[in-house]
Amino acid sequence: VASAGHAVRVEARQAAAIAVKNLVKRTWEDDAIFGSAPDRAAARAAVLGALLRPDCTGAVREQFAECVGQLVFKDFPDRWPELLPTTVAAIRGRSDAVVVHNALLALRKVAKR
């Protein structure tokens, strides 16, 4: 859902985030959709990366946080060992309040597991 530098309406970003969340929720275990372990790792990294963007706020943040929560439930810690280091690095390395907030939200999903 990264905008590649182009302005994307919030409604479109929210719809895309909902679609990603629902796809993960319903079909994460389906190899025909998510493929190999490297494909799944790339999908996890993309979802977390989207959550940790400084422009990920409001309803878009809620959808990506829920998606991270689903992935935590399904893959953490065995298949997603990079989740905590990536999230902690986002907290330590950013002065952006939104990024820190979203990283803490991701950690909350881990703690609720």
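The rules behind these values
- Residues numbered from 1 in each chain as written.
- Predicted model: local features only at pLDDT ≥ 70, side-chain atom pairs only at ≥ 80, totals over all residues.
- Heavy atoms only, no water.
- Helix = DSSP H or I, 4+ residues; strand = E, 2+ residues; numbered from the N terminus.
- Rg over C-alpha atoms; globule rule 2.2 N^0.38 Å.
- Buried < 20%, exposed > 50% of the residue type's maximum accessible area, 1.4 Å probe, protein only.
- Contact = heavy atoms within 4.5 Å.
- Areas by Shrake-Rupley, 256 points an atom, 1.4 Å probe, with all protein chains shown as cover.
- Lys, Arg positive; Asp, Glu negative; His and termini not counted.
- Charge placed at Lys NZ, Arg CZ, Asp CG, Glu CD.
- Salt bridge = Lys/Arg side-chain N within 4 Å of Asp/Glu carboxyl O.
- Core = buried A, V, L, I, M, F, W, Y, C linked by side-chain atoms within 4.5 Å.
- pLDDT = per-residue confidence, 0-100.
- Expected span 1.5 Å × (residues − 1).
- Phe/Tyr/Trp six-rings, centres within 6.5 Å; stacked < 30°, edge-to-face > 60°.
- Lys NZ or Arg CZ within 6 Å of the ring centre and 35° of its normal.

### A closer look at the overall build of the protein
For the protein, the count of helices and strands is six helices and zero strands. Taken from the N to the C terminus, the helices and strands of the protein come in the order α-α-α-α-α-α. Over its C-alpha trace the protein gives a radius of gyration of 13 Å, about what one expects of a compact globule, namely 13 Å for 113 residues. By principal-axis analysis of the C-alpha atoms, the protein measures approximately 35 × 30 × 25 Å. Relative to its full complement of 113 residues, the protein shows a buried share of 36%. Look at the contacts in the protein between residues 6 or more apart in sequence, and 61% of them connect residues 24 or more apart. With an accessible surface of roughly 6400 Å², the protein has 57% of that area assigned to carbon and sulfur atoms. For the protein, the distance from the average position of its 17 positive side-chain charges to the average position of its 12 negative side-chain charges is 5 Å.

### Regarding unusual backbone geometry
Residue Pro77 is bonded to the preceding Phe76 through a cis peptide linkage, with omega at 5 degrees. Along the polypeptide, Pro77 turns up in the loop between α4 (58-75) and α5 (83-93).

### A few points about the pattern of salt bridges
Summed over the entire model, instances satisfying the criterion amount to seven salt bridges. Between Lys109 and Glu66 there is a salt bridge, with the nearest N and O atoms lying 4.0 Å from each other. On the criterion of sequence distance, the pair formed by Lys109 in helix α6 (residues 97-112) and Glu66 in helix α4 is long-range, its members being 43 residues apart. For Glu66, a relative accessible area of 29% gives the class partly exposed. One network of salt bridges, in which partners are shared, links Arg13, Arg53 and Asp55.

### Things to note about the nonpolar core
Core analysis: the biggest nonpolar cluster contains 27 residues, and Phe64 and Val68 have the highest contact counts within it. With seven residues, the top contributor of residues to this core is α4.

### Considerations on the confidence of the model for the protein
For the protein, per-residue confidence averages 92 on the pLDDT scale, and residues scoring 70 or more make up 95% of the total. Across the protein, the secondary-structure element scoring lowest on mean pLDDT is helix α2 (residues 31-34), at 88, and the one scoring highest is α4, at 97.

### Re α4
Spanning 18 residues, α4 covers 26 Å between terminal C-alpha atoms, matching the ideal 26 Å at 1.5 Å per step. Those residues of α4 lying buried are Val60, Arg61, Gln63, Phe64, Ala65, Cys67, Val68, Gly69, Gln70, Leu71, Val72 and Asp75. Buried-residue contacts for α4 involve α1 (10-27), α3 (37-51), α5 and α6.

### Focus on the packing of aromatic side chains
This model, assessed by the stated rule, comprises one aromatic pair. For the ring pair Trp28 and Phe34, a centre distance of 4.5 Å and an interplane angle of 55 degrees mean the geometry is tilted. Pair check on accessibility: Trp28 and Phe34 agree, each one buried. Over the aromatic face of Trp28 sits the side chain of Arg40, whose NZ or CZ is 5.4 Å from the ring centroid.

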